[in-house]
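In case you want the letters, here they are:
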Amino acid sequence: MTTQHSTAPAPNALQSRALRDTLGQFATGVTVVTTCDANGAPLGMTVNSFNSVSLDPALILWSIDRQSLGYEAFTKQPYFAVHILKADQQHVSNLFAGRGADKFGQVRWHQGPEQVPLLEDCAAYFHCRLYNCVEGGDHTIILGEVQDFKANGGEPLVFHRGCYRSLSADD
């Protein structure tokens with residue numbers, strides 16, 4: 001694999017904001033990724049950098065900021081789950097995007113395979129084995145091999161230009 005590194009100077013705050021705003025033109029779904037920390041306690045965070053990679057083998061990806069509190073657990077624990085949130089789960093997204101608080105005490109969940117926390121009532125989930133971690137600037141890209149999955153349906157929670165959005169149904 002060839003790695004390319006930019007020789008461009010680091011962007012200033014104005015350029016960073018403009019880049020973030022431009023990237024925000026791409027609408028994304030909203031997910032919560034869960035695992036357990038080294039002591040077995042449930043851990044979760046809101047993520048919108050989720051994507052499919054491959055069907056054979058079944059691989060997905062998401063990325064995590066290297067400064068995130070859960071970085072060590074998410075890059076070292078052998079299993080995790082990605083939950084696609086429904087349109088009415090904005091409160092779940094906000095809860096897992098914040099710091100502190102007993103997040104798992106405020107949502108319905110159960111222990112899945114390998115004790116990975118599985119949130120209930122989501123549009124879908126993917127239970128994954130950690131496949132690889134790839135450094136990418138200030139983030140690490142996490143590849144997961146899908147071990148199990150379930151689609152429950154429902155309209156997805158969408159994020160676009162810094163706001164939650166709804167899909168318009170064409171009937």
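Residues numbered from 1 in each chain as written. Predicted model: local features only at pLDDT ≥ 70, side-chain atom pairs only at ≥ 80, totals over all residues. Heavy atoms only, no water.

### Re the pairing of strand β5 (residues 58-65)
Part 1 of the reasoning: Inspection of the sheet shows strand β4 (residues 51-55) paired to β5 by four bridges, in the antiparallel sense. Looking at the pairing, S52 lines up with I60 of β5.
Part 2 of the reasoning: A loop of two residues connects β4 with β5, the two strands running antiparallel in sequence.
Part 3 of the reasoning: As defined by bridge partners, β5 adjoins strand β10 (residues 139-151) across seven bridges and the pair is classed as antiparallel. Bridge pairing links L59 to E145 in β10. (Pairing = 2+ DSSP bridges. Helix = DSSP H or I, 4+ residues; strand = E, 2+ residues; numbered from the N terminus.)

### Examining the pairing of strand β2 (residues 31-36)
Part 1 of the reasoning: Along β2, six of the six residues are buried, which leaves the element largely enclosed by surrounding structure.
Part 2 of the reasoning: Both faces of β2 are covered, namely the face carrying T31, V33 and T35 and the face carrying V32, T34 and C36.
Part 3 of the reasoning: When β2 meets strand β3 (residues 42-47), the two strands line up antiparallel, connected through six bridges. The residue of β3 that forms the bridge with T35 is L43.
Part 4 of the reasoning: Counted between consecutive antiparallel strands, the loop separating β2 from β3 contains five residues, among which G40 sits at a positive phi close to 90 degrees.
Part 5 of the reasoning: Here β2 runs beside strand β6 (residues 79-84); their pairing, made up of four bridges, is antiparallel. Residue pairing across strands places T34 opposite A81, the latter belonging to β6. (Buried < 20%, exposed > 50% of the residue type's maximum accessible area, 1.4 Å probe, protein only.)

### Thoughts on the packing of aromatic side chains
Part 1 of the reasoning: For the coordinates displayed, the defined rule picks out six aromatic pairs.
Part 2 of the reasoning: Ring geometry for F159 versus Y164: centroids 5.4 Å apart, planes at 75 degrees, classification edge-to-face.
Part 3 of the reasoning: Note on F159: relative accessible area 26%, which makes it partly exposed.
Part 4 of the reasoning: Of the aromatic side chains, those joined through ring pairs into one cluster are W62, F74 and F80. (Phe/Tyr/Trp six-rings, centres within 6.5 Å; stacked < 30°, edge-to-face > 60°.)

### Section: helix α3 (residues 90-97)
Part 1 of the reasoning: Taken as a whole, α3 has its buried residues at V92, S93, L95 and F96. The arc that holds every buried residue of α3, seen down its axis, measures 165 degrees, which confines them to one face. Along α3, exposed side chains directed more than 90 degrees from the buried face belong to H91 and A97.
Part 2 of the reasoning: At its buried positions, α3 is contacted by β2, β3, β8 (117-119) and β12 (163-165). (Arc of directions from axis to C-beta. Contact = heavy atoms within 4.5 Å.)

### Details of the nonpolar core
Part 1 of the reasoning: Counting residues in each nonpolar core, the largest one holds 15 residues, and the members touching the most others are V33, I60, W62, I64, F74, F80 and I142.
Part 2 of the reasoning: Elements represented by at least two residues in this core include exactly β3, β5, α2 (71-76), β6, β9 (124-136) and β10.
Part 3 of the reasoning: When neighbours within four sequence positions are excluded, I64 is seen to be in contact with M45, G70, Y71, F74, T75, D138, H139, T140 and I142. (Core = buried A, V, L, I, M, F, W, Y, C linked by side-chain atoms within 4.5 Å.)

### Notes on the side chain of Q89
Part 1 of the reasoning: Along the chain, Q89 falls in the loop between β6 and α3.
Part 2 of the reasoning: Taking the relative accessible area as the measure of exposure, Q89 reaches 6% and is therefore buried.
Part 3 of the reasoning: In this structure, Q89 is in contact with I84, E120, D121, C122 and L157, ignoring residues within four places of it in sequence.

### What to know about the environment of W62
Part 1 of the reasoning: Within the secondary structure, W62 is located in strand β5.
Part 2 of the reasoning: Taking the C-alpha atoms as reference points, W62 and F50, separated by twelve residues in sequence, lie 4.4 Å from one another.
Part 3 of the reasoning: Discounting residues that sit within four places of it in the chain, W62 has contacts with V33, M45, V47, S49, F50, F74, F80, V82, T140, I141 and I142.

### So, the state of the cysteines
Part 1 of the reasoning: Counted by the stated rule, this structure contains zero disulfides.
Part 2 of the reasoning: We note that C36 lacks a disulfide partner, and the nearest cysteine sulfur, in C128, lies 14 Å from it.
Part 3 of the reasoning: Unpaired in this structure, C122 has its nearest cysteine sulfur neighbour in C128, at a distance of 14 Å. (Disulfide = S-S within 2.5 Å.)

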